[in-house]
Amino acid sequence: MTIHHNFIAGRWAEGAEAQDNVNPSNTGDVIGEYARADREQALEAIAAARAAFPAWSRSGIQQRHDILQKVSSEILARKDELGRLLSREEGKTLGEGVGEVMRAAQIFDFFAGEVLRLSGEKLASTRPGIDVELTREPVGVVGIITPWNFPVAIPAWKIAPALAYGNTVVFKPAELVPGSAWALADIIVRAGVPEGAFNLVMGRGAVVGDAILNDPRVDAVTFTGSVATGKKVAAACVGQMKKFQLEMGGKNPLVVLDDADLGIAVDCAVNGAFFSTGQRCTASSRLVVTDGIHDRFVAAVTEKLKGLVVDDALKAGTHIGPVVDQGQLDQDISYIDIGREEGATLAFGGERLNRENPGFYLQPALFTDTTPEMRINREEIFGPVASVQRVKDYEEALAAANDTPFGLSSGICTTSLKYASHFRRNAEAGMVMVNLPTAGVDYHVPFGGRKGSSYGPREQGRYAAEFYTTVKTAYTLP
Ligand code: NAD
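Counting from 1, residues in each chain are numbered in the order their sequence is written. With the structure being a predicted model, the display of local features is reserved for residues of pLDDT at least 70 and the display and counting of side-chain atom pairs for 80 or more, all residues being used for whole-chain, interface and lining totals. No hydrogens and no water enter the side-chain calculation; it runs on all heavy atoms of the structure.

Under an unreviewed UniProt entry, the protein has the name Aldehyde dehydrogenase family protein and belongs to Nitratireductor mangrovi. UniProt positions are given in the numbering used here, feature names are shortened, and annotations may be inferred rather than shown by experiment. UniProt, in its Sequence similarities (unreviewed entry) section for the protein, records the words "Belongs to the aldehyde dehydrogenase family."

Structure, rendered in structure tokens:
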């Protein structure tokens, strides 16, 4: 089997080690072998990015636009093939995989446009005769560290703005999904990014990630992943006075009020909590439901869950693919045990499933009779597990929704303008959804959270410029 190499300093470089990329729908299917870099190779990539920065940061906007546009076009043209690869290595359904790939193409297209829209501001000085000019300049070498659950979209929403605004990149994808990362890197490289401006360094977090965090030649780090790793990123970056941005976990609530349209509420809950196998930072893991609709809502969600097909991600008709790996499956099952021990009722699912091929299949699990202090309502599980919390009215629902250390996405299903408006204003989250699932966002508007979910400027849309540029104020006496 050919080994997929890292891309360092303008060439494909053999790794110190290699790893098998295993299909979670069928553990007998090895997708390919991928290089694992050691510390020296990570340092080489950083040196290359540093050396390429002066030229790339001053490259013309047409060149940067054209490269990003080319990346977008190729991703779009190959969406079915790339979507298949993504689903095969991560386990989300083929429809979700292709959808994510299309999203990546749209993101590169958006930032290709942003290159041409780069602008500054000219103001009069308070001192007569002097001009003041505000411009945005690239930050420098950006380290990009990404998780496994969106193997193409998250790298895209970091790499595209980094390159668009003139930064050079050292990209370290998650260990579990090197296939999508490698395919994306191959497209970026062939689109004509100059030597050193873009580097792919697949490898372990504790080795490659750690090298990126602790090297003073890296100016900024953008990270998406768990809270535990995020804290390490923050500590290292503060120590080095690097700019950093963290997108981490969630424990997102979906409030369902008595006056909700039951069909919409059930669709929002099932989609938000269980699609993509519940492995989304924006998943609705807490369903906060008022008394009057509670029993009808639980019955309808349970009925819908019974009809969902859990199977091979690539099979037509599959609604929910496998969990990503054995470690995540063990974590999901251990939280299902914890829920039971805490006294919650397992109203549906939670069983390990066997399918034609050996894979990490888990029946979606729905808990009822849960209380706010239970661990299943406080800690991120990151699997197809959701819990219903019964509340008496809107006020109690809002308090329950906000009662979490996280603050990424928060949703409400209601037909009341009064409650919808009040919730939009008072939900302690970076993103609020009314009659929509907590997961599912646009790519041209800011993405991110509050409290323990995020740190630093928002990602995506025009707000991405906050992180990937630094502002210069110039005073001129003509
Ligand atoms: P993780 O924290 O285990 O890993 C994320 C990345 O950090 C990986 O590339 C990993 O190799 C790297 N890493 C690990 N240890 C490191 C270290 N010591 N130094 C530097 N890098 C290191 O997270 P994961 O399991 O890949 O992803 C799941 C998590 O990501 C969940 O908590 C989920 O909520 C979160 N997530 C958040 C968002 C968001 O935008 N808020 C989006 C998707 C996923």
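After that view of the structure, there is still more to cover.
Note on geometry: axes are C-alpha line fits, over the in-contact stretch for helices, and angles between N-to-C directions span 0 to 180 degrees. The numbering of helices and of strands both runs from the N terminus, where a helix is a DSSP run of H or I of at least 4 residues and a strand a run of E of at least 2. It is at 7 Å that the axes of helix H3 (residues 79–90) and helix H4 (residues 94–116) come closest, and there the two elements cross at 120 degrees. It follows from the interaxial angle that H3 and H4 lie oblique. Considering how the two elements wind past one another, H3 and H4 form a crossing that is right-handed. Across from Lys79, Asp80, Leu82, Gly83, Arg84, Leu86 and Ser87 in H3, the residues of H4 making contact are Leu94, Gly97, Val98, Glu100, Val101 and Met102. The residue classification treats Ala, Val, Leu, Ile, Met, Phe, Trp, Tyr, Cys and Pro as nonpolar and Asp, Glu, Lys and Arg as charged. All others, Gly included, are polar. Here the residues of the contact of H3 with H4 are counted per class, giving six nonpolar, three polar and four charged. Between 65 and 115 degrees an angle is taken as roughly perpendicular, under 35 as roughly parallel, over 145 as roughly antiparallel, and anywhere else as oblique. Two helices cross in a left-handed way if the nearer one is turned anticlockwise from the farther one by less than a right angle. They cross in a right-handed way if the turn is clockwise. The criterion used for residue contact is that any of the two residues' heavy atoms lie within 4.5 Å.

Moving on to the layout of surface pockets. Reported here for the largest pocket is a volume of approximately 810 Å³. In this structure, the largest pocket is lined by 34 residues; those nearest its centre are Pro147, Phe223, Gly225, Ser226 and Thr229. Of all the elements in the fold, those that place two or more residues in the lining of the largest pocket are helix H7 (205–214), strand E11 (220–224), helix H8 (227–240) and helix H11 (326–341). A per-element tally of the lining of the largest pocket places H7 first, with six residues. Domain start and end points were adopted from an automatic or database domain assignment. Looking at which domains feed residues into the lining of the largest pocket, each of domain 1 (3–248 + 453–476) and domain 2 (253–434) supplies at least three. A 1.4 Å probe that fits but cannot get out identifies a cavity on a 1 Å grid over protein atoms alone, an open set with protein on both sides within 12 Å along at least five of seven lines counts as a pocket, and a residue lines either if it has an atom within 4 Å of a point. Grid points are joined across faces, edges and corners, and a volume is the space filled by probe spheres set on the points.

Let's shift gears to the UniProt feature "domain: Aldehyde dehydrogenase" (unreviewed entry) in the protein. In this numbering, the UniProt entry assigns the feature "domain: Aldehyde dehydrogenase" (unreviewed entry) to residues 14–473. In the segment residues 14–473, helix accounts for 41% and strand for 21%; the C-alpha atoms at its two ends are 44 Å apart.

Time to look at the site of the ligand. Residues are labelled near a given molecule or strand when at least one of their non-hydrogen atoms is within 4 Å of it. Taken together, 28 residues lie around the ligand, and Thr146, Glu175, Ser226, Met248 and Glu380 are the ones closest in. Residue threonine 146 places a main-chain N or O atom 2.7 Å away from an oxygen atom belonging to the ligand. Glycine 205 has a polar backbone atom sitting 3.4 Å from a nitrogen atom of the ligand. Comparing atom positions with the cavity grids shows the ligand to sit within the largest pocket. Of all the elements in the fold, those that place two or more residues in the shell around the ligand are H7, E11 and H8. Top element by residues in the shell around the ligand is H7. It accounts for four residues. A domain split of the shell around the ligand shows at least three residues from each of domain 1 (3–248 + 453–476) and domain 2 (253–434). By the criterion applied in these results, polar contacts are pairs of N or O atoms within 3.5 Å in which, for protein atoms, one can donate a hydrogen and the other can accept it, and in which residues neighboring in sequence qualify only through two side-chain atoms. By definition, a pocket or cavity contains a molecule when more than half of the molecule's atoms lie within 2 Å of the pocket's grid points.

The aromatic pairing rule takes the rings of Phe, Tyr and Trp, using the six-membered ring of Trp, and pairs them if the centres are within 6.5 Å, calling planes under 30 degrees apart stacked, those over 60 edge-to-face and the rest tilted. Enumeration according to the criterion identifies 11 aromatic pairs in this entry. Taking the centre distance of 5.0 Å and the plane angle of 85 degrees together, the rings of phenylalanine 110 and phenylalanine 111 count as edge-to-face. There is no split in this pair, since phenylalanine 110 and phenylalanine 111 are both buried. Only Lys NZ and Arg CZ are tested; either one counts as a charge over a ring when it is within 6 Å of the ring centre and within 35 degrees of the ring normal. Over the aromatic face of phenylalanine 150 sits the side chain of lysine 92, whose NZ or CZ is 3.8 Å from the ring centroid. Accessibility here uses a 1.4 Å probe with only protein chains present; expressed as a share of the type maximum, an area under 20% marks a residue as buried, one over 50% as exposed, and anything in between as partly exposed.

Pairing in this open sheet of three strands is antiparallel, and the strands run E6-E7-E23 from one edge to the other. The open sheet has two edge strands, strand E6 (121–124) and strand E23 (469–476), and neither has a second partner. Averaged over all pairs of adjacent strands, the angle between strand axes in this sheet comes to 25 degrees, irrespective of strand direction. In this scheme, strands are said to pair when DSSP sees at least two bridges between them. Where strand E7 (residues 131–138) lies against E23, eight bridges are found, and the strand directions are antiparallel. Within E23, the residue paired with threonine 135 across the bridge is lysine 472.

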